[in-house]
Amino acid sequence: MRDKRKEKDLINNQKLWHKLYSIKQREWFTKKIINFNIDKGVSGQSLYNKVEADIKESKNRVYELINAFKIGRRELYGIINNNNNNNFKVLEIKKIKVRLIYGVIGLNPEFALAQYKSYLDFILNRRYRSIVTMRDYVNREYFYYPSKCNNKWSINLKAKLYWEKISPNEPDDKPIPLKLSNSGKTDPVKAVEKIFDITNESECERNLFDCSYTMCIVLIDSLLVSYNKNTLMETLLKKNDKVEAYFIIANPLSITHDCFLRDRVYGLYEIKTFTNREEWNDLVIGDYVYFKNHPLLTVFMPGAPWIGEHALIIDVSDKEEYDLEIDNKRLVEFSFRTLRNGYKFSGHGMKKPMHYIEWFRKSLFFLKTQISRAANIAIVHLENIKVHGKQTQNGFVKVHQNQQIELMVNNKLQMIECDIFCYTTRFEYDCWTDPKSTEIGIYKIWNINAEMKTESWKRPETDFVICHHSKEDLFFIDYKKDIKYMYKDGKLVLDSAIQIIKENNYYWSIPYFDQDETEIDPQKRKKPKKHKILKVEGNQLSEIEFTTKDFFNHDLARFLVVRPYIDFSADYLDKLHQLGAIKSERTN
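Residues numbered from 1 in each chain as written. Predicted model: local features only at pLDDT ≥ 70, side-chain atom pairs only at ≥ 80, totals over all residues. Heavy atoms only, no water.

Caption draft 1: Structural detail: the overall build of the chain. Helices and strands together make up the secondary structure of the chain, namely 18 helices and 21 strands. Each of the 588 residues in the chain was classed as buried or not, and the buried ones make up 54%. Partitioning the contacts of the chain with sequence separation of at least 6, the portion at a separation of at least 24 is 70%. Working note: accessible area of the chain is about 26,500 Å², and carbon and sulfur atoms make up 46% of it. (Helix = DSSP H or I, 4+ residues; strand = E, 2+ residues; numbered from the N terminus. Buried < 20%, exposed > 50% of the residue type's maximum accessible area, 1.4 Å probe, protein only. Contact = heavy atoms within 4.5 Å. Areas by Shrake-Rupley, 256 points an atom, 1.4 Å probe, with all protein chains shown as cover.)

Caption draft 2: Focus on helix α1 (residues 4-12). For α1, the full list of buried residues reads E7, L10 and I11. The arc that holds the buried residues of α1, viewed along the axis, is 100°, so those residues lie on one side. Away from its buried face, by an angle of more than 90 degrees, α1 presents the exposed residues R5 and K8. Looking at the buried residues of α1, the elements they touch are α2 (23-39) and α3 (44-65). (Arc of directions from axis to C-beta.)

Caption draft 3: Spotlight on the confidence of the model for the chain. For the chain, the average pLDDT comes to 81, and 81% of its residues sit at 70 or higher. Here residues 322-340 is a poorly scored stretch, pLDDT under 50, and it has 50 contacts once near neighbours within four places are set aside; other chains count. (pLDDT = per-residue confidence, 0-100.)

Caption draft 4: Inspection of the state of the cysteines at higher detail. Evaluated as defined, the whole model comprises two disulfides. Between the sulfur atoms of C149 and its disulfide mate C204 the distance is 2.0 Å. Between C149 and C204 the disulfide shows an S-S torsion of about -90°. By sign, it is left-handed. In this pair, C149 is assigned in the loop between β1 (143-144) and β2 (163-165) and C204 in the loop between α8 (188-193) and β4 (207-208), connecting sequence segments 55 residues apart. Accessibility expressed as a relative area gives 35% for C204, which makes it partly exposed. Shown here is the disulfide that connects C418 with C467, its sulfur atoms set 2.2 Å apart. Of note, the bridge from C418 to C467 carries an S-S torsion of about -110° and is left-handed in sense. With C418 in strand β12 (residues 412-431) and C467 in strand β13 (residues 457-469), this pair connects stretches of sequence that are 49 residues apart. Among the residues examined, C467 registers a relative accessible area of 1% and is labelled buried. (Disulfide = S-S within 2.5 Å.)

Caption draft 5: Structural detail: the pattern of salt bridges. Tallied over the full model, the rule gives 26 salt bridges. With a closest N to O distance of 2.9 Å, K50 and D54 form a salt bridge. Here the residue K50 and the residue D54 both occupy positions in helix α3, the gap between them amounting to four residues, near one helical turn. Between K491 and E406 there is a salt bridge whose closest N-O contact spans 3.0 Å. Of this pair, K491 sits in strand β16 (residues 491-494) while E406 sits in strand β11 (residues 397-409); the two residues are 85 residues apart in sequence, bridging distant segments of the chain. With relative accessibility at 16%, the residue E406 sits in the buried group. Linked by salt bridges that have partners in common, R127, D287 and R563 make up one network. (Salt bridge = Lys/Arg side-chain N within 4 Å of Asp/Glu carboxyl O.)

Caption draft 6: Just the packing of aromatic side chains, in detail. Counting across every chain of the model gives 25 aromatic pairs. For the ring pair F291 and F559, a centre distance of 5.9 Å and an interplane angle of 80° mean the geometry is edge-to-face. Separated by 268 residues along the polypeptide, F291 in strand β7 (residues 288-292) and F559 in strand β21 (residues 559-564) bring together distant segments of the chain. Of the two residues, F291 and F559, neither departs from the other in class, the shared state being buried. Taken together, the ring pairs connect F111, Y116, Y119, Y565, F568 and Y572 into an aromatic cluster. Between the NZ or CZ atom of R126 and the centre of the ring of Y269, over which it lies, the distance is 4.7 Å. A cation sits over an aromatic face here: K532 above Y507, 5.2 Å from the ring centre. (Phe/Tyr/Trp six-rings, centres within 6.5 Å; stacked < 30°, edge-to-face > 60°. Lys NZ or Arg CZ within 6 Å of the ring centre and 35° of its normal.)

Caption draft 7: Looking closely at the sheet that holds β2. One open sheet holds the three strands; their spatial order is β2-β3-β5, and the pairing between them is antiparallel. Both outer strands of the open sheet, β2 and β5 (248-249), are each paired with one neighbouring strand and no more. Relative to strand β3 (residues 178-180), β2 runs antiparallel, the two sharing three bridges. Directly across from E164, in β3, lies its bridge partner K179. (Pairing = 2+ DSSP bridges.)

Caption draft 8: Expanded view of the sheet that holds β21. Overall, antiparallel pairing links the six strands, which are arranged β6-β21-β7-β8-β9-β10 in an open sheet. Each of the sheet's edge strands pairs with one partner strand only, and the pair in question is β6 (269-274) and β10 (354-355). Two elements, strand β8 (residues 308-315) and strand β9 (residues 344-346), share three bridges in a ladder whose sense is antiparallel. Note that in β9 the partner of I313 across the bridge is F345. Contacts from helix α6 (residues 117-142) reach β6, β8, β9 and β21, with the element oriented near 115° to β8. Its contacts with the sheet put helix α9 (residues 211-222) on β6, β7 and β8, and the angle it makes with β8 is roughly 40°. (Axes fitted to C-alpha atoms, helices over the stretch in contact; angles between N-to-C directions.)

Caption draft 9: The arrangement of the pairing of β7 in detail. Of all the five residues making up β7, five are buried; the element is thus mostly covered by neighbouring parts of the structure. As defined by bridge partners, β7 adjoins β8 across five bridges and the pair is classed as antiparallel. Bridge pairing links F291 to E309 in β8.

Caption draft 10: Quick peek at the environment of R99. With respect to the secondary-structure elements, R99 resides in helix α5 (residues 86-107). Note on R99: relative accessible area 11%, which makes it buried. Among the polar contacts made by the side chain of R99, one reaches the side chain of D315 at a distance of 2.7 Å. (Polar contact = N/O pair within 3.5 Å; in protein donor to acceptor, adjacent residues only side chain to side chain.)

Caption draft 11: Molecular detail of the side chain of Q393. Along the polypeptide, Q393 turns up in the loop between α15 (356-388) and β11. In this structure the side chain of Q393 is engaged in a polar contact, spanning 3.4 Å, whose partner is the side chain of H388. Apart from the residues lying within four places of it in its own chain, the contact partners of Q393 are N384 and H388.

Written as structure tokens, this is what we have:
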């Protein structure tokens, strides 16, 4: 029988805890230690005596380890290059270290024992190095997206000596898995370190990768905290002569390229799926999480790589629980306090750590804006068709009939015949972005202030192009302003089209594909879906609001979590010692 009073006394006893560890965090930690001891068969008064002893021992480990992280130069870089007061920054770093140590011990209470000191050092330093690298290097101009430099994927100039393409003829505008060159095989440690050497390089000579490839680099780099990093890298390099299995820079969750995350011999990482709130509460600093974006994002940004987000948990603060069953009004008014105190994550392209709900709130507002824009364009076009048919009207619309056009929709290329309508008219739509922004787009909305507008405002726009298929129940909206902008190499091309299809006599919808990145069989990944944007009531067309319920009906409540593998068996610890990851625990 659990004794809630005794649990509360343990949580509130200041002498049992590090002073920077909050009440909310203590509740989580105490629950983990209690469950651990219950699983070991401890019960009755002995249970709480043992839990108190474990909490005391954990506090000792925290104080012992708080300044023992192997970061040095990188951590100093983050402090120097942060505009905040340095003393405040140092305090925040200390808080993160305290939460990290307690988090790792809470997940694996055996780490409170001094006999596993070297092993715990290895795990803590891997996690801490990864978040510092992401926060203070990746997102401080060491890495850029390929879109910044004509979609060119590349590693920085100094690192090119050590890395080469797996497929030499792969074009630069495609993801380019990289493996070690001959020079890289000679010194794999330097090959990794050179990725972070961008001295005197221009922006487009630096590392140009998306968030998944960047995450792969961050995780490879985190292995350099090993007790003997040279031994570790060289051992992995020689294993079965399968260099690509360990030193490949690619999407770390890709099924087409094996990588060090999937190693089954040394078990340096494990991959889990979290699907419920209790599991979410077990996220700790340094966890690598992958979660899906709403698939409608790729409809409004054709060809964009935002199927999902690769991110690191940067801070857990008060381990604030969040509920995805949240109504539209509460999501819009989501408190600034919760955004500060809940889980925060960071990935390539995020200038500052962000709360999970904050990310989806901004995604929701972006989608609401884009859907409203598409719906209002569709209303203008359909009402014009109803009144005027396919006739050109001076000062309003010019029609180019029976055009052969190359169309890219849902990332598939097809040739169709359609009538092209070039409208020169003004329309308005509901906008949820900052009214000071000069454009609507993913790059703007991700960076607006967290205290976002809670109501939309009407945004005016003029000129748009419609490609109306010979079938009367299908047309495409393009963001171009006139037919002359649609020509490429002498052909008419629609490369950013939104498909609008009539489902029945009542609704017009946007079809899209929900790509399941966790499905092994590619044939099973594409799940065609539709989102209704217009409804017909009598002779009137009206927009359908995109609600929070619609948003969270999508499978967003699932994380893939990658974290260091933990095994306290003597065989595994000997294996890590041979690998060079840790000192022999038997000598501690």
